[in-house]
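Commentary on secondary and tertiary structure
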Amino acid sequence: MLLRLPTSVTEARECLAEGAVPIGGATLVWAVWQRDGFPDLAMSLRELPEANVLGRDTLGGAVLLHRVDARVPDVLRLAAATVGTGAVRRTATVGGNIAGSTLRCLLPAALVLDARATVLEPEGVRETDLAEVVAKRPVLLSLRWRPPVASAYRKLPGEAGGAPPLVVASALHAEPGAPDRVRVAVRDGYDVLSGTAHRETDAEATLEALRGTALDDLPAAAWEVVRAQVTGLLEDRG
C-alpha cells in the first residue's frame, strides 16, 4: 500500500481523483484490511494545514482526539476525552469518528454547536451540513461553529459487548436581539436525535418545549440526563 501525505488541498484533490482511500489513524479499517487486503493507494491529511486547525470556533478533521483541548467548547473537549482508550485517542481522528465510525461519539457534540462541515471532493472543497457528512461520509476537512454561551456532555457507562452507551450533549446559544436557544442531541443506541427550543421562563418550561421535538421519544433515563444538563446550562446563564 502506498500512503500519500498531501500538503495542499490541490494535492489532496489529485489523490482522491487517483482513487486514494482516505485514512486517519486507520483504527476503524486496519483489521478489515488485514482480512480482506490493503488498498493500493491511501491518503492521510495529517500534513494538510486546513485539516489540522484547532481553535475556539473550528476543528480539523485530521486532529487526533487526544489533542482536542480547552480551546474548543466543553462539549467537544469532553466528547473527545471519552472515546476509547488513551492509545485510541492518540491515533483516532475527528474526521474518522464523525464520518467513518458507526458510534460517532463526537456527532452529538457537533450537532448542538450547529457545526457546519467543510468537505473535500475530487471536484473541490465545499461546505455542507452534518446530515450529509453522516449519510455520504465524505472526506471531512474541518468543522466550524459559532461558540456557545455554555455547553455540556455526558456519556453514561456501558456494558461490555452491549449496546452503545447513552450520550447526551447540550449547548446554550445567544444571538443579539433574539431569545437564547437550547440545543440538545442524544445518541440512543446507534441513533442520534436532536432538538432545539427557545429559552422559556424557567427550566421546566424549556424542557417542555424540547419535548415537542424529536427528543420526545427518548427513554426516561435519557430525559433524566437531559433535564440535569439543561437545568445546569440555564442556571449558569442566570
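Above this text is the structure in question.
Residues numbered from 1 in each chain as written. Predicted model: local features only at pLDDT ≥ 70, side-chain atom pairs only at ≥ 80, totals over all residues. Heavy atoms only, no water.

**Brief notes about the nonpolar core**
Under the convention used in this document: Here, nonpolar core refers to any group of buried Ala, Val, Leu, Ile, Met, Phe, Trp, Tyr and Cys residues whose side-chain atoms link them within 4.5 Å. For every residue, the accessible area (1.4 Å probe, protein chains only) is compared with the maximum for its type, and the residue is labelled buried under 20%, exposed over 50%, or partly exposed between those bounds. Helix numbering and strand numbering both begin at the N terminus, where a helix is a DSSP run of H or I of at least 4 residues and a strand a DSSP run of E of at least 2.
Ranked by internal contacts, the top residues of the largest apolar core, which has 36 residues, are Leu-59, Val-94, Ile-98, Leu-143, Trp-145 and Tyr-153. Every element with two or more residues in this core is listed here: helix 3 (74-81), helix 5 (94-100), helix 6 (107-112), strand 6 (116-121), helix 7 (130-136), strand 8 (139-144) and strand 10 (167-173). No other element matches helix 6, which puts five residues into this core. With 22 residues, the next largest nonpolar core counts Leu-156, Leu-172, Leu-218 and Val-230 among its residues.

**What to know about the environment of Ala-131**
Looking at the secondary structure, you find Ala-131 in helix 7. Ala-131 sits in the exposed class, given a relative accessible area of 55%. Each C-alpha atom, one on Ala-131 and one on Ala-80, is 20 Å from the other, the two residues being 51 residues apart in sequence.

**Comments concerning the pattern of salt bridges**
The following threshold applies: For this document, the term salt bridge refers to a Lys or Arg side-chain nitrogen within 4 Å of an Asp or Glu carboxyl oxygen.
Using the criterion set out here, one finds 13 salt bridges in the structure. For Asp-57, the salt bridge identified is with Arg-144, shortest N-O distance 3.7 Å. Here Asp-57, found in the loop between strand 4 (54-55) and strand 5 (58-60), pairs with Arg-144, found in strand 8; they are 87 residues apart in sequence, far enough to count as distant. Asp-57 gets classed as partly exposed once you look at its relative accessible area, which sits at 26%. Since its relative accessible area comes to 47%, Arg-144 is described here as partly exposed. We note a salt bridge from Asp-180 to Arg-199, for which the minimum N-O separation is 3.7 Å. Highlighted residues: Asp-180 in the loop between strand 10 and strand 11 (181-188) and Arg-199 in the loop between strand 12 (191-198) and helix 8 (203-210), separated in sequence by 19 residues. Asp-180 gets classed as buried once you look at its relative accessible area, which sits at 12%. What makes Arg-199 partly exposed here is its relative accessible area of 24%. Through salt bridges with shared partners, a single ionic network connects Asp-114, Glu-175, Arg-181 and Arg-183.

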